[in-house]
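Residue strings, one per chain:
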Amino acid sequence: MKRTARIAAALLGAAAIALGTTACQAPAAEEADGPLTVWIMGDSGTNFETLVADSGIDVEVVAVPWDSIDEKLTTAVASGSGPDILQIGLSKLRTFADAGALLALDDLLADHPGLAPENYPSGVAGLSTAVGGEIVSVPWVSDTRVLFTRTDILAEAGFDAPPSTWDEVREYAKVLAARGNGNYGYYIPQWDAPLPIQMTWSEGGEVIDSDGNVDFNTPEFEKAVDIYTGLYADGSVPTNGDFDQTQGFISGIAPMLVSGPYLGKGIADAAPELDGKWQASPFPAGDGGSVALFAGSNLGIWHNSDQVDASLDLLEYLAQPETQLKWFELTGELPTVNAALEDPELNADPNVQVYTQQLATAKVLPLVSNWDGAVGTELLNALNSIVLQGADRQSALDTLFSATEGLSIN
C-alpha cells in the first residue's frame, strides 16, 4: 500500500474508533477554563501570537510544520485529544473533514455574523459547505498565483512589458536564458503540484470530469504538459532541486516565475533596493484565459473541543477586516474577508491590486481526499521524471492516469 493511501486509511480508521458516531458531533455542554489551543501551520506561530494579543482571549499557539500535519492529525484523532482551533490548508480540507476532526458549525454561527459565508469571495465561501453539506470551517487567509518579473532585466533584453501568455513566457525565457553564465529565463519549483493544474485551467480544461472523477487524460492537460516540459526543453529552467526562488529572483538568475504574494513580501523585505525594478502581473493566459489557483487556508474547531464558545469568539475576531489587514502587514498573506480585500489602502499598492484582482477568477483545487499525496505527488512524479530523468512522456503520463484512476470528489 502506498504511503499516501496508508495515511488516508489511518485517518479514517482513527476517526471511526475515536468518534464512534458522526464525523462532527455536538459540542460539550460546559465550557472549560484555560487558554484556547490553536494549531498554526508553518512558521507563523509568533506572528499569530502578536495578532491575537489584543483579542482579550487567552490563546496558546502551537506551530505545526506543514510536512508534519498528516501524522499529527492521525495521532490527535486516534487519541481524541486535539486543539480547540486548527488551521487547514485548502488542499487538506477534505482529508480533515473525512477524518471527523472538524465540528459542524451550521447551528453555531447565528450569533457570529462576521463568519457568514457572504462575507467571503465566492471562490472560497462555498468550500465551507463543500464537504458533506455541512459548514466545517471558515476562511482565514487567501492566496493566489501571479507572474513575478524583474522588469529591469526584461527591459535590458528588449521587453517593455511582462509576458501575458504562456507562449510569450517561453519566448521571453529563451531570450533571458541566452544571457549565459548560469542565468535562466524562468523558474519552475519542482515541488509545485498546482502549477500544471493552473496551466490546464488556463487552457480551458479541468482535471475533474463530469462525474466528479480525476481525469488528466484530456487535450487541455496535454497542452499544459507541452508548456511545462517545453520550458525545460528550451533550457530556460534550472534543474537543481534546491534552487532558491527568492534569491534566484533577487539576483536575476531566474527573473520570471509564478508564485504567491508571500514572494512579493520576501523580495521587499530582503532587497528593498529593487523597489521599482520588479512587478506582479496576471497569471499567464492560455486558450482559456488567465485562471490561477485560489489557495490559502481555513480555520476549523476540533470536533470535541470543550471551548466552543470561546473558539467562535476568536474566529469572529480573526474575521474582522482590521485583523485581517494586520495579518497581511505581519506576513504578506492576503485577507479572505471581502471588506479587507477591497480596502483602498491595501489596493493602493499596484502589486497587491494584481493579487486581489486575480482572486476574482481564481479556482480552488478539487476536494479530493488527500489531494496532496494521492494526486499532487503522482502528478509531479510523472512530469519531473520526463524533464529531469528523460522518461518517456507517454509512459509517464499513462502511469499518472493509472495512479489517479478512481479518485473522486464524491
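Refer to the preceding data block for the structure.
Counting from 1, residues in each chain are numbered in the order their sequence is written. For this predicted model, a pLDDT threshold of at least 70 governs which residues receive local features, and a threshold of 80 or more governs which side-chain atom pairs are given and counted, while totals over whole chains, interfaces and linings are taken from all residues. Only heavy atoms go into the side-chain values, all of them from the structure, while hydrogens and water stay out.

### Here's the deal with the layout of surface pockets
Phase 1 of the analysis: Considered as a void within the structure, the second largest pocket measures approximately 390 Å³ in volume.
Phase 2 of the analysis: Only helix H11 (261–270), helix H13 (321–331), helix H15 (344–347) and helix H16 (350–359) provide two or more residues apiece to the lining of the second largest pocket.
Phase 3 of the analysis: Side-chain classes follow a simple rule in which Ala, Val, Leu, Ile, Met, Phe, Trp, Tyr, Cys and Pro form the nonpolar group, Asp, Glu, Lys and Arg form the charged group, and the remainder, Gly included, forms the polar group. Looking at the lining of the second largest pocket, its residues break down into 10 nonpolar, four polar and six charged. Points on a 1 Å grid, built from protein atoms alone, make a cavity when a 1.4 Å probe fits but cannot get out and make a pocket when they are open with protein on both sides within 12 Å along at least 5 of 7 lines; residues with an atom within 4 Å of a point are the lining residues. Grid points are joined across faces, edges and corners, and a volume is the space filled by probe spheres set on the points. Numbering of helices and strands starts at the N terminus; helices are DSSP runs of H or I of at least 4 residues and strands are runs of E of at least 2.

### Digging into the nonpolar core
General note: in soluble globular proteins, nonpolar side chains tend to be found buried as a group.
Phase 1 of the analysis: We define the nonpolar core as a collection of buried residues of types Ala, Val, Leu, Ile, Met, Phe, Trp, Tyr and Cys that are connected through side-chain atoms lying within 4.5 Å of one another. We call a residue buried when its accessible area falls under 20% of the maximum for its residue type, exposed when it is over 50%, and partly exposed in between, using a 1.4 Å probe and counting protein chains only. Core analysis: the biggest nonpolar cluster contains 56 residues, and Phe-48, Leu-115, Trp-140, Phe-148, Leu-314 and Leu-318 have the highest contact counts within it.
Phase 2 of the analysis: Two residues form a contact once any of their heavy atoms are found within 4.5 Å. In contact with Phe-148, not counting residues within four places along its chain, are Phe-249, Pro-255, Met-256, Leu-257, Ser-259, Gly-260, Leu-263, Gly-264, Trp-278, Gln-279, Ala-280 and Tyr-355.
Phase 3 of the analysis: Core analysis: the next-biggest nonpolar cluster, separate from the first, contains 50 residues, Leu-147, Val-169, Ala-173 and Leu-397 among them.

### Quick word on the pairing of strand S3 (residues 85–89)
Phase 1 of the analysis: With five of five residues buried, S3 is to be regarded as a mostly interior element.
Phase 2 of the analysis: Burial along S3 is two-sided: the face carrying Ile-85, Gln-87 and Gly-89 and the face carrying Leu-86 and Ile-88 are both buried.
Phase 3 of the analysis: As judged from the two bridges shared by strand S1 (residues 36–41) and S3, these two strands associate in the parallel manner. Bridged to Trp-39 within S3 is Leu-86.
Phase 4 of the analysis: Sheet analysis places S3 next to strand S8 (residues 295–301), joined by five bridges and oriented antiparallel. Its bridge partner being in S8, Ile-88 is matched across the sheet by Asn-298. At least two bridges found by DSSP between two strands are what make those strands a pair.

### Remarks on the packing of helix H7 (residues 166–177) against helix H9 (residues 219–233)
Phase 1 of the analysis: Note on method: axes are straight lines fitted to C-alpha atoms, helices fitted across the in-contact stretch only, with angles between N-to-C directions ranging 0 to 180 degrees. Look at H7 against H9: their axes get within 10 Å of each other, and the N-to-C directions meet at 5°. The angle between the axes of H7 and H9 places the two elements in the roughly parallel class. Residues Trp-166, Val-169, Arg-170 and Ala-173 of H7 touch H9, and the partners they reach there are Asp-226, Ile-227, Gly-230 and Leu-231.
Phase 2 of the analysis: Of the residues in the contact of H7 with H9, the class split is five nonpolar, one polar and two charged. An angle counts as roughly parallel when it lies under 35 degrees, as roughly antiparallel when it exceeds 145, as roughly perpendicular when it falls between 65 and 115, and as oblique in every other case.

### A closer look at the sheet that holds strand S7 (residues 279–281)
Within a sheet, each strand pairs with its neighbour through backbone hydrogen bonds, oriented either parallel or antiparallel.
Phase 1 of the analysis: The strand order across the open sheet built from three strands is S6-S5-S7, with neighbouring strands paired in antiparallel fashion. Each end of this open sheet is capped by a strand with a single partner; those strands are strand S6 (256–259) and S7. Shown here is a sheet whose adjacent strand axes are inclined to one another by a mean of 30°, direction ignored.
Phase 2 of the analysis: Pairing analysis gives three bridges linking strand S5 (residues 146–149) to S7, with the strands arranged antiparallel.

### Details of the packing of aromatic side chains
Phase 1 of the analysis: Between rings of Phe, Tyr and Trp, where Trp is taken as its six-membered ring, a pair exists when centres lie within 6.5 Å; planes separated by under 30 degrees are stacked, by over 60 edge-to-face, and by other angles tilted. Applying the stated criterion to the full structure yields 12 aromatic pairs.
Phase 2 of the analysis: Plain terms: the ring middles of Phe-48 and Trp-140 are 6.1 Å apart, the flat faces sit at 80° to each other, and that makes the pair edge-to-face. On the criterion of sequence distance, the pair formed by Phe-48 in helix H2 (residues 45–52) and Trp-140 in strand S4 (residues 138–143) is long-range, its members being 92 residues apart. Each member of the pair, Phe-48 together with Trp-140, is buried.

### Details of the pairing of S1
Within a regular strand, the side chains alternate between the two sheet faces.
Phase 1 of the analysis: The element S1 is largely enclosed, with a buried count of five among its six residues.
Phase 2 of the analysis: Relative to strand S2 (residues 59–64), S1 runs parallel, the two being bridged by six bridges. Within S2, the position partnered with Thr-37 by the bridge is Glu-60.
Phase 3 of the analysis: A clockwise path from the first strand over the helix to the second, with the strands pointing away from the viewer, defines a right-handed crossover. For the segment spanning S1, H2 and S2, crossover handedness is right-handed.

### A closer look at H11
Side chains three or four residues apart in an α-helix point the same way, a direct result of the helix having 3.6 residues per turn.
Phase 1 of the analysis: By the burial criterion, the buried members of H11 are Pro-261, Leu-263, Gly-264 and Ile-267. Projected down its long axis, H11 shows its buried positions confined to an angular sector of 155°, all on one face.
Phase 2 of the analysis: In the core, the buried residues of H11 are packed alongside S4, S5, helix H10 (245–251), S6 and H16. The directions considered for the arc run from the helix axis to the C-beta atoms.

### A short note on the pattern of salt bridges
Phase 1 of the analysis: Any Lys or Arg side-chain nitrogen found within 4 Å of a carboxyl oxygen on Asp or Glu counts as a salt bridge. Here the structure, examined in full by the defined rule, presents 11 salt bridges.
Phase 2 of the analysis: A salt bridge links Asp-143 to Arg-145; the nearest nitrogen and oxygen atoms lie 2.6 Å apart.
Phase 3 of the analysis: Judged by its relative accessible area of 12%, Asp-143 is buried.
Phase 4 of the analysis: Each of Asp-70, Lys-92 and Asp-372 takes part in salt bridges that share partners, so that together they form one network.

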